[in-house]
Amino acid sequence: MAEKGYIAKRSKRQRRNFWLLVAPAFISLILVIFIPFFMGIYYSFTDWGGIIKPEANLKGLQNYFDSFADSRYRYSVMVTFIFAFFNIITINIVGFTLAMIVSSKVKARDVYRAGFFIPNLIGGLVLGYIWQFIYNNVFPNIGKTIGIDWLANNLFLGNPKLAVMALVMTSTWQYAGYIMMIYYAGLQNVPQSLYESASLDGANWWEKLRHITFPMIMPAFTVSLFLTINNSFKMFDVNVSLTGGGPSMMWNGAAIKSTEFMTMNIYNTASVENKLALGQARAVILFVILVVISLTQTTITKRQEVEM
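Residues numbered from 1 in each chain as written. Predicted model: local features only at pLDDT ≥ 70, side-chain atom pairs only at ≥ 80, totals over all residues. Heavy atoms only, no water.

Colleague: Go over the overall build of the chain with me, naming the residues and quoting the values.
Modeller: Secondary structure assignment for the chain yields 13 helices and 2 strands. The C-alpha radius of gyration of the chain comes to 25 Å, more than 25% above the 19 Å expected for a compact globule of 308 residues. The dimensions of the chain, computed from C-alpha atoms along their principal axes, are 75 × 70 × 30 Å. With 308 residues in all, the chain has 38% of them scored as buried. If you take every contact in the chain between residues at least 6 apart in sequence, the share linking residues at least 24 apart comes to 69%. A total of about 17900 Å² of accessible surface is found on the chain, and carbon and sulfur atoms cover 67% of it. The distance from the centre of the 25 positive side-chain charges to the centre of the 15 negative ones in the chain is 8 Å. (Helix = DSSP H or I, 4+ residues; strand = E, 2+ residues; numbered from the N terminus. Rg over C-alpha atoms; globule rule 2.2 N^0.38 Å. Buried < 20%, exposed > 50% of the residue type's maximum accessible area, 1.4 Å probe, protein only. Contact = heavy atoms within 4.5 Å. Areas by Shrake-Rupley, 256 points an atom, 1.4 Å probe, with all protein chains shown as cover. Lys, Arg positive; Asp, Glu negative; His and termini not counted. Charge placed at Lys NZ, Arg CZ, Asp CG, Glu CD.)

Colleague: Requested: an account of a positive patch on the surface, with residues and values cited.
Modeller: A contiguous patch of positive charge, built from K12, R13, R15 and R16, is present on the exposed surface. Among the structural elements, K12 can be located in helix α1 (residues 2–43). (Patch = residues over 30% accessible without salt bridge, like charges linked within 9 Å, V, L, I, M, F, W, Y side chains within 5 Å. Salt bridge = Lys/Arg side-chain N within 4 Å of Asp/Glu carboxyl O.)

Colleague: Before we move on, can you summarise the nonpolar core with the specific residues and values?
Modeller: In terms of nonpolar packing, the biggest core is built from 23 residues, with Y183 and I217 touching the most fellow members. Top element by residues in this core is helix α7 (residues 160–188). It accounts for 8 residues. (Core = buried A, V, L, I, M, F, W, Y, C linked by side-chain atoms within 4.5 Å.)

Colleague: Could you give an account of the pattern of salt bridges, with specific residues and numbers?
Modeller: Counted according to the given criterion, the structure contains 5 salt bridges. Among the salt bridges present, the one from E260 reaches R72, with a minimum N-O distance of 3.0 Å. Here R72 lies in helix α3 (residues 71–103) and E260 lies in the loop between β2 (254–257) and α12 (262–272), a separation of 188 residues in the sequence. By relative accessible area, R72 is classed as partly exposed at 21%. Among the charged side chains, a salt-bridge network with shared partners connects R72, E260, E273 and K275.

Colleague: Quick one: what's the story with the pairing of β2, residue by residue and with numbers?
Modeller: One ladder, built from 4 bridges, connects strand β1 (residues 248–251) with β2; its direction is antiparallel. In the sheet register, M250 faces β2, and the bridge partner there is A255. Here β1 hands over to β2 after 2 residues, with N252 in that stretch at a positive phi of 55 degrees. (Pairing = 2+ DSSP bridges.)

Colleague: Summarise the environment of T145; cite the residues concerned and give the values.
Modeller: Residue placement: T145 occurs in helix α5 (residues 124–146). According to the relative accessible area criterion, T145 is exposed, its value standing at 68%. Of the polar contacts made by the side chain of T145, one reaches the backbone oxygen of N141; its length is 2.8 Å. (Polar contact = N/O pair within 3.5 Å; in protein donor to acceptor, adjacent residues only side chain to side chain.)

Colleague: Can you lay out the side chain of S294 for me, pointing to particular residues and giving the numbers?
Modeller: Within the fold, S294 resides in helix α13 (residues 276–304). On the basis of relative accessibility, which here comes to 7%, the residue S294 falls in the buried class. There is a polar contact of 2.7 Å between the side chain of S294 and the backbone oxygen of L290. In contact with S294, not counting residues within four places along its chain, are F226, I229 and N230.

This is the structure in structure tokens:
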């Protein structure tokens, strides 16, 4: 009986210590994440204006209707999806290719691995200004030197279509090294005996890649796709410093910014135009889009994973 009492007392003490240790993080999570999140959802159904207009009268779904009635916002949704599509593909292709290179027997592969990862350590705002200088000065001078007119005329940031591709190039340069490390970790877990057996059976490199490498590192694909999807839809800092949303163009009879992604549109609506409730409604829309796409992606890719 004494032993049971001691065990019960120790168990109670362990539970108490557990909650004492967890409490600071749990309280911070509630204060910083959950409360602002649900308050934001509530304010998206009101006419809340922040400091200028502190009272919040319920408007129902009007902010959501107003958002989709705005051609500028509809364009920002469309261009965000276009950017995300190309960005996800290029980052994962480049990241996987780099992982294959640093996983091979190439000399100085550790140096390459560190070099490919370094761009991810540069802050987004700084990175945008660096590449703005490259697009505005370095590429035009190269174009003049080798006689390529479109490169010399600096069409990257001046052309609406090429400006989106410039953002894709910059984002890929920054983020591919990080994704490379995920694929590299996955490749290290593939048993070499599988490749040796495949070689004995006469399999070429593509057959090994398709039937061994891809299935075995599917968990890495799941993680990498999830991260690149979220990174692409939530891009803001590089967007601000590299293009600032420009260049301007006409779309459906309205003057808009050709590279104003959803995050920048939310910021401009809420902070610049002081339409906080409308901006919050657009933030909720972005959240729903991300949840739906991320859940769909993880569900599909997890079904393809191979049990080790």
